[in-house]
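# Analysis of the macromolecular model
One-letter residues, chain by chain:
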Amino acid sequence: MLRLHRALALIGLLLLGQGASAEKLRLVADAWPPFTDATLVNGGVATDIVSTALARAGYASEFEQVPWARALLGIGEGRYDVLVNAWYNDERTRLGQFSSEYLVNRIRFLKRKDAPLEYHNLKQLHEYPIAVVRGYAYSSEFDNDSDLQKVPVHNFAMAVRMLAADRVKLTLEDEYVARYYLARESPRVRNAVEFLPKPLSENSLHILVSLKNPEHAQIVARFDREIAAMKADGSYARLLRQHGM
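Residues numbered from 1 in each chain as written. Predicted model: local features only at pLDDT ≥ 70, side-chain atom pairs only at ≥ 80, totals over all residues. Heavy atoms only, no water.

## Considerations on the environment of Tyr-236
The topology assignment puts Tyr-236 in helix H9 (residues 235-242). Classification of Tyr-236 by relative accessible area gives buried; the value is 11%. For the pair Tyr-236 and Val-45, spaced 191 residues apart in sequence, the C-alpha separation works out to 10 Å. Each residue touching Tyr-236, except ones within four places of it in the same chain, is listed here: Ile-49, Tyr-102, Leu-103, Met-230 and Lys-231. Of the polar contacts made by the side chain of Tyr-236, one reaches the backbone oxygen of Tyr-102; its length is 2.4 Å. (Helix = DSSP H or I, 4+ residues; strand = E, 2+ residues; numbered from the N terminus. Buried < 20%, exposed > 50% of the residue type's maximum accessible area, 1.4 Å probe, protein only. Contact = heavy atoms within 4.5 Å. Polar contact = N/O pair within 3.5 Å; in protein donor to acceptor, adjacent residues only side chain to side chain.)

## Some words on the packing of helix H2 (residues 45-56) against helix H8 (residues 216-233)
Running from N to C, H2 and H8 cross one another at 105 degrees; their axes reach a closest spacing of 8 Å. On the basis of the axis angle, H2 is roughly perpendicular to H8. Seen from H2, the contacting residues are Ile-49, Val-50, Thr-52, Ala-53, Leu-54 and Arg-56; seen from H8, they are Ile-219, Phe-223, Glu-226, Ile-227, Ala-229, Met-230 and Asp-233. Partitioned by chemical class, the residues of the contact of H2 with H8 number nine nonpolar, one polar and three charged. (Axes fitted to C-alpha atoms, helices over the stretch in contact; angles between N-to-C directions. Parallel < 35°, antiparallel > 145°, perpendicular 65-115°, else oblique. Nonpolar A, V, L, I, M, F, W, Y, C, P; charged D, E, K, R; others polar.)

## Some remarks on the UniProt feature "domain: Solute-binding protein family 3/N-terminal" (unreviewed entry) in the protein
The residues that UniProt annotates with the feature "domain: Solute-binding protein family 3/N-terminal" (unreviewed entry) are residues 24-245. A helix fraction of 33% and a strand fraction of 28% characterise residues 24-245, whose end C-alpha atoms lie 29 Å from each other. (UniProt positions renumbered as here; feature names shortened; annotations may be inferred.)

## Things to note about the confidence of the model for the protein
Confidence along the protein averages 91 in pLDDT terms, with 91% of residues attaining 70 or more. Segment residues 4-21: pLDDT under 50, and zero contacts once partners within four positions in sequence are set aside and those in other chains are kept. (pLDDT = per-residue confidence, 0-100.)

## Focus on unusual backbone geometry
Each neighbour pair has its own omega, and for Pro-33 with Pro-34 the value is 5 degrees, a cis peptide bond. Phi at Asn-42 is positive, roughly 55 degrees, even though this residue is not glycine. Considering the arrangement of structural elements, one finds Asn-42 in the loop between strand E1 (25-29) and H2. Note on Asn-42: relative accessible area 51%, which makes it exposed. You will see that Asp-166, though not glycine, has its phi angle at about 65 degrees, which is positive. Looking at the element boundaries, Asp-166 is found in the loop between helix H5 (156-164) and strand E8 (170-174). A relative accessible area of 38% means that Asp-166 is categorised as partly exposed.

## Observations regarding the packing of H2 against H9
For the pair H2 and H9, interaxial distance at closest approach is 10 Å and the crossing angle is 150 degrees. Compared by their axis directions, H2 and H9 come out roughly antiparallel. In this structure, H2 crosses over H9, and the sense of that crossing is right-handed. Here Val-45, Asp-48, Ile-49, Thr-52 and Arg-56 of H2 lie close against H9, whose contacting residues are Ser-235, Tyr-236, Leu-239 and Leu-240. (Left-handed = near helix turned anticlockwise from the far one by under 90°.)

## With respect to the side chain of Asp-30
Its location among the elements puts Asp-30 in the loop between E1 and H2. Despite being buried, Asp-30 has no salt bridge partner; Arg-92 is the closest side chain of opposite charge, sitting 9.2 Å away. Side chain to side chain, Asp-30 and Asn-85 meet in a polar contact 2.9 Å long. Dropping the residues within four chain positions of it, Asp-30 is found in contact with Thr-36, Gln-65, Val-66, Pro-67, Trp-68, Asn-85 and Tyr-136. (Lys, Arg positive; Asp, Glu negative; His and termini not counted. Salt bridge = Lys/Arg side-chain N within 4 Å of Asp/Glu carboxyl O.)

Below, the structure is given as structure tokens:
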């Protein structure tokens, strides 16, 4: 009888282990410091917030960093469960379910310091080539303006170097991200560019949970609940301070 009890207990532990394993979510993002980057503490501030909220909601997670286009494709195909750093656009709702916002990004244009460019509306920018990161959604107005001369590039570092070399006239990025990369560029690049005063937009940052995950709605609901709880108990603000924000 004792052996039977031990066998049943072992089976129970195995089943529990399988259940816990099934709950492990595959998080994905591109390198987008200071928000997401595998070389930063806890993967950057956005990854830290997301993994903490999911853990509080009862989900273990693992993080993989891949290029942006591959991350989106993986969410659509179900190879990943959660895209950590998604701005909302309608097209992405065919791939996954958005959470409520958990951070806000302020998008600003950059130009060469010696270029007499002004920005009050997008129509003013139609004559200028603008470096944009392939696959990014900046704002619905910007994304849908077919008269803008958009030059796709792999990342912001490439975009700002093209700008400094006068191969494009403008680029744009979240202000925190741009300042992070500029601090690591050579003085030649860093001192050649500046922000335009007027921001393009303020974009809310969300997780995007793959529709291929049958529990996507529940994951989003639990994540939103825990983000609200973290803001209420002060742990959200502590995470921001730990990441220098």
